[in-house]
Amino acid sequence: MGTIEIMPLLIVLFASIPEEFLITVLGLKLFGVKIRPLIGKIVVIAILQAAISFSVRLLPLPFGIHTILQIPLFALPLYLLLGLPYLYSLVVILISATLYTILDASIIPLLLYWTGIPLETVLTNTTLRLLFFIPQFTVMLLLVIIVSLKKIKIFDINNYKLVNKE
């Protein structure tokens, strides 16, 4: 049988929604999408993604399956609200979520080592969980700023749209 995780509301509001917002913004920026006119929609997308995450974690699935299920579901709000082709939405989320996972896998073990606090304690303590999120949020925000300032793109979706319009 799998594990069920019930995320406290404070974690959803102050960690999950901001996390999903930054993951979405980073992915869109890496694909050349202009963010400013879409901020309102991206906030809604982040809320929907956090709700998806909350719901999927309630399912009794084996470890790791939650994440595999969440990725294609996270692409749906991009597809539905931004009108991006679903495959592009999926790739946007896959790439940015992978980058976030790398940050997560790098930062959390360091924080656990430096603080000496066991992971189980962090996961069961809402305050600690929020405090451990702050460095991840900060690094992800810096990454978004760097990508924005340096205009880093791995692919320009706008070129595809121009080709299809002709």
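Bear in mind the structure is a predicted one, so any value in this text is a computation, not a measurement.

Caption draft 1: Molecular detail of the overall build of the protein. Each helix and strand counted, the protein has seven helices and zero strands in total. Projected onto the principal axes, the alpha-carbon positions of the protein cover approximately 55 × 35 × 25 Å. Across the 166 residues that make up the protein, the buried fraction comes to 39%. Nonlocal contacts in the protein, meaning residues at least 24 apart in sequence, comprise 70% of its contacts between residues at least 6 apart. For the protein, the accessible surface area stands at approximately 9700 Å², while carbon and sulfur atoms represent 73% of it. Where the 11 positive side-chain charges of the protein centre and where its 7 negative ones centre are 14 Å apart.

Caption draft 2: The arrangement of the packing of aromatic side chains in detail. A complete count under the given rule lists four aromatic pairs for this structure. One aromatic cluster is present, built from ring pairs that chain together F31, Y88 and F155.

Cut-offs applied
What you see as residue numbers is a count from 1 along each chain, following the sequence as written. Only residues with pLDDT of at least 70 are given local features in this predicted model, and only at 80 or more are side-chain atom pairs given and counted; all residues enter the totals for whole chains, interfaces and linings. Here the side-chain values reflect all heavy atoms present in the structure, with hydrogen atoms and water set aside. Secondary structure is summarised from DSSP: a helix means a run of H or I of at least four residues, a strand means a run of E of at least two, and numbering begins at the N terminus for each. In this scheme, a residue with accessible area under 20% of its type's maximum is buried, one over 50% is exposed, and one in between is partly exposed, where area comes from a 1.4 Å probe on protein chains only. Residues count as neighbours in contact if any of their non-hydrogen atoms are within 4.5 Å of one another. Each accessible area value is a Shrake-Rupley result obtained with a 1.4 Å probe; residue values ignore everything except the protein chains displayed when judging cover. Residues counted as positive are Lys and Arg, residues counted as negative are Asp and Glu, and His and the chain ends are not counted. To locate a charge, take NZ of a lysine, CZ of an arginine, CG of an aspartate or CD of a glutamate. Working definition: rings of Phe, Tyr and Trp (its six-membered ring) pair if their centres are within 6.5 Å, and the pair is stacked with planes under 30 degrees apart, edge-to-face with planes over 60 apart, and tilted otherwise.

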